[in-house]
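One-letter residues, chain by chain:
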Amino acid sequence: SDSVSTGLVIEPNPPQSLSLSYLGNASTPVITAATLDDLDFAVANNSTNPMSNILISLVPQSTSVSVVGPSTWTIPDLEPGDRQILTTKVYAANTLINSPASFTLTANYVSKGQTLTNSLTLGTFVVGNIKLQIYGLSASSVGGTTNLVGNLLNQGSTTALFTTVQLAPSQL
């Protein structure tokens, strides 16, 4: 069978625009519930024209997620090829653990006398944390066998399963 190539390329941003992108160590940001997490992203001018009066806004799409740090930024001018990194802090409620959440990142700007808009839906995933606390620890001897007895309490925001306790020799 013969195939025909159309040569069609669809880019996420037009080649002459303001580019918005997530910065981080994974393709999808992870937010830990009930903590303040950093959310970093970049604004880049991939045009051959200077851009001005750039207004960036970050809006959560759920009432269970909040932008605790700055949610709007103003960049007076961005020359061709320039990039600026913006950062803020976000908070997700425990009710969102193991769920996706999203933000809309919008840029309004002026290029060649025209007011333009570009936006990016930034998807995140909300996870819980596990924070173990040991208390009531005591050693007792029964029939010549020493037993260590105590309690473990998970003070985190998600269920801890299959915990193993191991004794290690003291390094003192």
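Predicted model only: the values in this text are computed from it and were never measured.

### Notes on the overall build of the protein chain
Then, number 1: The number of helices and strands found in the protein chain is zero helices and eleven strands.
Then, number 2: Secondary structure elements of the protein chain occur, N-terminal to C-terminal, as β-β-β-β-β-β-β-β-β-β-β.
Then, number 3: A globule of 172 residues ought to have a C-alpha radius of gyration of about 16 Å, yet the protein chain, at 25 Å, is considerably larger.
Then, number 4: Projected onto the principal axes, the alpha-carbon positions of the protein chain cover approximately 85 × 55 × 35 Å.
Then, number 5: Among the 172 residues that make up the protein chain, the fraction classed as buried is 27%.
Then, number 6: When contacts within the protein chain are restricted to residue pairs at least 6 apart in sequence, those whose partners lie at least 24 apart make up 64%.
Then, number 7: Taken as a whole, the protein chain presents about 11200 Å² of accessible surface, with 52% of it coming from carbon and sulfur.
Then, number 8: For the protein chain, the centre of its 4 positive side-chain charges and the centre of its 8 negative side-chain charges are spaced 10 Å apart.

### As for the sheet that holds strand E5 (residues 65-67)
Adjacent strands of a sheet pair through backbone hydrogen bonds, lying either parallel or antiparallel.
Then, number 1: Read across the open sheet, the four strands follow the order E1-E3-E7-E5; overall the sheet is antiparallel. Of all strands in the sheet, those bounded by a partner on one side alone are strand E1 (18-23) and E5. Shown here is a sheet whose adjacent strand axes are inclined to one another by a mean of 30°, direction ignored.

### Re the sheet that holds strand E8 (residues 99-111)
Then, number 1: On the basis of which strands lie adjacent, the open sheet formed by five strands has the order E2-E9-E8-E4-E6 and mixed pairing. Strands at the two margins of the open sheet, each flanked by one partner only, are strand E2 (30-32) and strand E6 (72-78). Mean inter-strand twist for the sheet, computed between neighbouring axes without regard to direction, equals 30°.
Then, number 2: Sheet topology places strand E4 (residues 51-60) next to E6; six bridges connect them, and they run antiparallel.

### Structural notes on the side chain of Thr 124
Then, number 1: Take Thr 124: it is sitting in strand E9 (residues 114-127).
Then, number 2: By relative accessible area, which is 3% here, Thr 124 ends up buried.
Then, number 3: Beyond its immediate sequence surroundings of up to four residues, Thr 124 is in contact with Thr 28, Pro 29, Ile 31, Ser 99, Pro 100, Ala 101, Ser 102 and Phe 103.

### Quick word on unusual backbone geometry
Then, number 1: The backbone phi angle of Asn 53 is positive, close to 50°, even though this residue is not glycine.
Then, number 2: Within the secondary structure, Asn 53 sits in strand E4.
Then, number 3: The phi torsion at Lys 112 lies on the positive side, around 55°, for a residue other than glycine.
Then, number 4: Judged by relative accessible area, which is 68%, Lys 112 ranks as exposed.

### What to know about a nonpolar patch on the surface
Then, number 1: Residues Ile 134, Leu 137, Leu 148, Leu 152, Val 165 and Leu 167 make up a contiguous nonpolar surface patch of roughly 610 Å² in combined accessible area.
Then, number 2: Mapped onto the nonpolar patch, the elements with two or more residues apiece are strand E10 (132-142) and strand E11 (145-154).
Then, number 3: Tracing the chain through its elements places Leu 137 in strand E10.

### Some words on the packing of aromatic side chains
Then, number 1: Tallying each qualifying case throughout the model produces one aromatic pair.
Then, number 2: Arranged with centres 5.3 Å apart and planes meeting at 80°, the rings of Phe 41 and Trp 73 form a pair that is edge-to-face. With a gap of 32 residues between them, Phe 41 in strand E3 (residues 36-45) and Trp 73 in strand E6 connect regions that are remote in the sequence.
Then, number 3: Take Phe 41: its relative accessible area is 0%, and that puts it in the buried class.
Then, number 4: Note on Trp 73: relative accessible area 12%, which makes it buried.

So, how was this worked out
- Residues numbered from 1 in each chain as written.
- Predicted model: local features only at pLDDT ≥ 70, side-chain atom pairs only at ≥ 80, totals over all residues.
- Heavy atoms only, no water.
- Helix = DSSP H or I, 4+ residues; strand = E, 2+ residues; numbered from the N terminus.
- Rg over C-alpha atoms; globule rule 2.2 N^0.38 Å.
- Buried < 20%, exposed > 50% of the residue type's maximum accessible area, 1.4 Å probe, protein only.
- Contact = heavy atoms within 4.5 Å.
- Areas by Shrake-Rupley, 256 points an atom, 1.4 Å probe, with all protein chains shown as cover.
- Lys, Arg positive; Asp, Glu negative; His and termini not counted.
- Charge placed at Lys NZ, Arg CZ, Asp CG, Glu CD.
- Pairing = 2+ DSSP bridges.
- Axes fitted to C-alpha atoms, helices over the stretch in contact; angles between N-to-C directions.
- Patch = residues over 30% accessible without salt bridge, like charges linked within 9 Å, V, L, I, M, F, W, Y side chains within 5 Å.
- Salt bridge = Lys/Arg side-chain N within 4 Å of Asp/Glu carboxyl O.
- Phe/Tyr/Trp six-rings, centres within 6.5 Å; stacked < 30°, edge-to-face > 60°.

Any functional reading would require information that these geometric values do not contain.
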